[in-house]
Amino acid sequence: MRIAAIDIGTNSIRMRVVEAPVGGVRRTLDDEKAYTRIGRGMGATGRLSDDAITDAVAVLRRMMSIAEQHGVSHVRAVATAAVREAANAREFVDRVRAEVGLRIEVISAEEEGRLAFLSAAESVGVPGRCAVIDLGGGSMEIVRATDGQVTMIASVPLGVVAMSERYHQIDPMPKSEHRRLEKH
């Protein structure tokens, strides 16, 4: 079976296509990433901009074409912080479904943290007591676990897109802005 996972984040959209034979070893067939910054400008408006939505729809259309070329039988697409918090999230989800034929699941911060932990646990292994920190564009999830079992998930609004829009207006970043960011 070939499956695709799509992560629609505040800063980027990522798709991984995997061959997952029943009882066999999974093999990555394709790994795509596009920096759409769908969350750009949300700090000021609370909405996904029309341009950001259009850019994301184009990327998702291309990714679905790639998935079809690989003969994918199942796609799971999740959206995280920017879409979760946007006042016009439904507009984006509906437009993607209408134009691309893709159903997007807007996941909670807890589910985002759980999935980040599962990815880290599979990629590098995390035995015993551990913490996984997933820094995204719109939020940062902190997950604690013991022996592979999640014991705590916290989500804080410290994503790189949100923080750069709030504190990093010019290059190089003035020391006063850097101090404000550190204090925050």
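Just so it is clear, the model here is predicted, and its values are computed rather than measured.

(A) Geometry of the sheet that holds strand β7 (residues 140–146). In spatial order, the strands read β6-β7-β8; together these three strands make up an open sheet with antiparallel pairing. Of all strands in the sheet, those with a lone pairing partner are β6 (129–135) and β8 (149–156), marking the two edges. Across the sheet, the mean angle from the axis of one strand to that of its neighbour is 15°, orientation sign disregarded.

(B) Focus on the sheet that holds strand β1 (residues 2–8). Taken in spatial order, the five strands make up an open sheet running β3-β2-β1-β4-β5, and their pairing is mixed. Because the sheet does not close on itself, it has two edges, and the strands there are β3 (27–34) and β5 (104–106). Adjacent strand axes in the sheet meet at a mean angle of 20°, parallel and antiparallel pairs treated alike. Two strands pair when backbone bridges link them, and strand β2 (residues 13–19) and β3 are joined in this way by seven bridges, in the antiparallel orientation. Along β3, the bridge assignment pairs V17 with D30.

(C) How the structure looks around the side chain of H70. For H70, the position within the fold is in the loop between α2 (50–69) and β4 (74–79). In terms of polar contacts, H70 uses its side chain to reach the side chain of D30, at 3.1 Å. The residues contacting H70, other than those within four sequence positions of it, are R2, V17, L29 and D30.

(D) Spotlight on the pattern of salt bridges. Counted under the stated rule, the structure contains 17 salt bridges. Ionic pairing is found between E99 and R61, a salt bridge with its closest N-O pair at 3.3 Å. Taken together, the residues span a long stretch of sequence, with E99 in helix α4 (residues 89–100) and R61 in helix α2 at a distance of 38 residues. Given the relative accessible area of 39%, R61 is considered partly exposed. R76 serves as the salt-bridge partner of E111, at 3.6 Å between the closest nitrogen and oxygen. Here E111 is found in helix α5 (residues 109–124), whereas its partner R76 is found in strand β4, with 35 residues between them in sequence. Among the charged side chains, a salt-bridge network with shared partners connects R76, E105, E111 and R114.

(E) Layout of the environment of S164. Take S164: it is sitting in helix α6 (residues 160–167). Using a relative accessible area of 22% as the deciding quantity, one classes S164 as partly exposed. Taking the C-alpha atoms as reference points, S164 and G137, 27 residues apart in sequence, are found 9.4 Å from one another. The contact partners of S164, leaving out residues within four places of it in the chain, are R37 and Q169. Reaching out from S164, the side chain makes a polar contact with the backbone oxygen of V161 at a distance of 3.1 Å.

Scoring rules and cut-offs
Residues numbered from 1 in each chain as written. Predicted model: local features only at pLDDT ≥ 70, side-chain atom pairs only at ≥ 80, totals over all residues. Heavy atoms only, no water. Pairing = 2+ DSSP bridges. Helix = DSSP H or I, 4+ residues; strand = E, 2+ residues; numbered from the N terminus. Axes fitted to C-alpha atoms, helices over the stretch in contact; angles between N-to-C directions. Polar contact = N/O pair within 3.5 Å; in protein donor to acceptor, adjacent residues only side chain to side chain. Contact = heavy atoms within 4.5 Å. Salt bridge = Lys/Arg side-chain N within 4 Å of Asp/Glu carboxyl O. Buried < 20%, exposed > 50% of the residue type's maximum accessible area, 1.4 Å probe, protein only.

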